[in-house]
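Take a look at the letters that make up each chain.
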Amino acid sequence: MRKPDTPTDNNLGDILPPDLGDRPLVVFDGVCVLCSGFARMVTRLDRRRRFRFATAQSPLGEALFRHFGLPTDVYETNLVLIDGVGYVRIESLVAVMRELGWPWKAAIVLTLLPAALRDWLYDRIAKNRYALFGKRDACDIPSPALRSRLIGKDSGA
């Protein structure tokens, strides 16, 4: 799986809250209906309650995007951290589904597509996600199940 650009000199341990432990983290665009829906879906499917979430608009989300060299003025990808490794685009989706187990880990078939095609498809959806799925004026008010797993001060939720 491809990772985002090389991290900056900041130590990831200096950014992540200590209570995260070894749990996977999904950083998503909190105003995007599609992205918030993805976070809600992962919350429902994660029977072991391992995943934690942060909005990209939160101080934690912005710090992580900067750490991995991602823009902080537009959030056209989810950033998923699993065991300290960052994943973006289709790879973030596949990494999450793999962690959820069967049958969801079958999403790995997406990696059979050439990387350029995967990125092109992802980018088309990401650039048009607000027009296709909608955008809120502020971060979505999460369900109690998702709210209990949001981390980061001022998570925007």
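Here, the structure is the one placed above.
Figured I'd write up the structure that's included with this text. (Residues numbered from 1 in each chain as written. Predicted model: local features only at pLDDT ≥ 70, side-chain atom pairs only at ≥ 80, totals over all residues. Heavy atoms only, no water.)

## Notes on the overall build of the protein
Assigned secondary structure in the protein consists of seven helices and four strands. Tracing the protein from N to C terminus, the helices and strands come up as α-β-α-β-α-β-β-α-α-α-α. When each of the 157 residues of the protein is scored for burial, the buried share is 46%. Looking at the protein alone, contacts between residues at least 24 apart form 71% of all its contacts between residues at least 6 apart. For the protein, the exposed surface amounts to about 8400 Å²; the carbon and sulfur share of it is 56%. (Helix = DSSP H or I, 4+ residues; strand = E, 2+ residues; numbered from the N terminus. Buried < 20%, exposed > 50% of the residue type's maximum accessible area, 1.4 Å probe, protein only. Contact = heavy atoms within 4.5 Å. Areas by Shrake-Rupley, 256 points an atom, 1.4 Å probe, with all protein chains shown as cover.)

## Quick look at the packing of helix H4 (residues 89–100) against helix H5 (residues 115–127)
Their axes nearest at 8 Å, the elements H4 and H5 cross at an angle of 95 degrees. In terms of orientation, H4 lies roughly perpendicular with respect to H5. Contacts from Arg-89, Ile-90 and Glu-91 of H4 reach H5 at Arg-118, Asp-119, Tyr-122 and Asp-123. Residue composition of the contact of H4 with H5, grouped by class: two nonpolar, no polar and five charged. (Axes fitted to C-alpha atoms, helices over the stretch in contact; angles between N-to-C directions. Parallel < 35°, antiparallel > 145°, perpendicular 65-115°, else oblique. Nonpolar A, V, L, I, M, F, W, Y, C, P; charged D, E, K, R; others polar.)

## Structural notes on H4
Here H4 contains twelve residues, and its C-alpha end-to-end distance of 18 Å stays within 8% of the 16 Å for a straight helix at 1.5 Å per residue. Burial within H4 is extensive, with nine of its twelve residues counted as buried. Elements in contact with the buried residues of H4: strand E1 (25–28), helix H2 (33–45), strand E3 (79–82), strand E4 (85–87) and H5. After H4 finishes, the residue Gly-101 shows a positive phi value of roughly 85 degrees. (Expected span 1.5 Å × (residues − 1).)

## Quick notes on the environment of Leu-70
With respect to the secondary-structure elements, Leu-70 resides in the loop between helix H3 (59–67) and E3. Note on Leu-70: relative accessible area 15%, which makes it buried. With 18 residues separating them along the chain, Leu-70 and Val-88 place their C-alpha atoms 9.6 Å apart.

## Quick look at the layout of surface pockets
Put simply, the largest pocket is a space of about 390 Å³. When contributions to the lining of the largest pocket are tallied by element, the ones reaching two or more residues are H2, H4 and H5. Each residue belonging to the lining of the largest pocket can be placed in one class, and the counts come to eleven nonpolar, four polar and three charged. (1 Å grid on protein atoms, 1.4 Å probe; cavity = no way out; pocket = protein on both sides within 12 Å on 5 of 7 lines; lining within 4 Å. Points joined across faces, edges and corners; volume = space filled by probe spheres on them.)

## Thoughts on the pattern of salt bridges
Side chains carrying opposite charge are able to pair once their charged atoms draw close together. Applying the stated criterion across every chain, the model contains seven salt bridges. Arg-129 is paired through a salt bridge with Asp-29; the nearest N and O atoms lie 2.9 Å apart. Of this pair, Arg-129 sits in helix H6 (residues 129–133) while Asp-29 sits in the loop between E1 and H2, and the two are 100 residues apart along the sequence. Neither Arg-129 nor Asp-29 differs from the other in exposure class; each is buried. Glu-62 serves as the salt-bridge partner of Arg-66, at 4.0 Å between the closest nitrogen and oxygen. Taken together, the positions of Arg-66 and Glu-62, both in helix H3 and four residues apart, correspond to about one turn of that helix. (Salt bridge = Lys/Arg side-chain N within 4 Å of Asp/Glu carboxyl O.)

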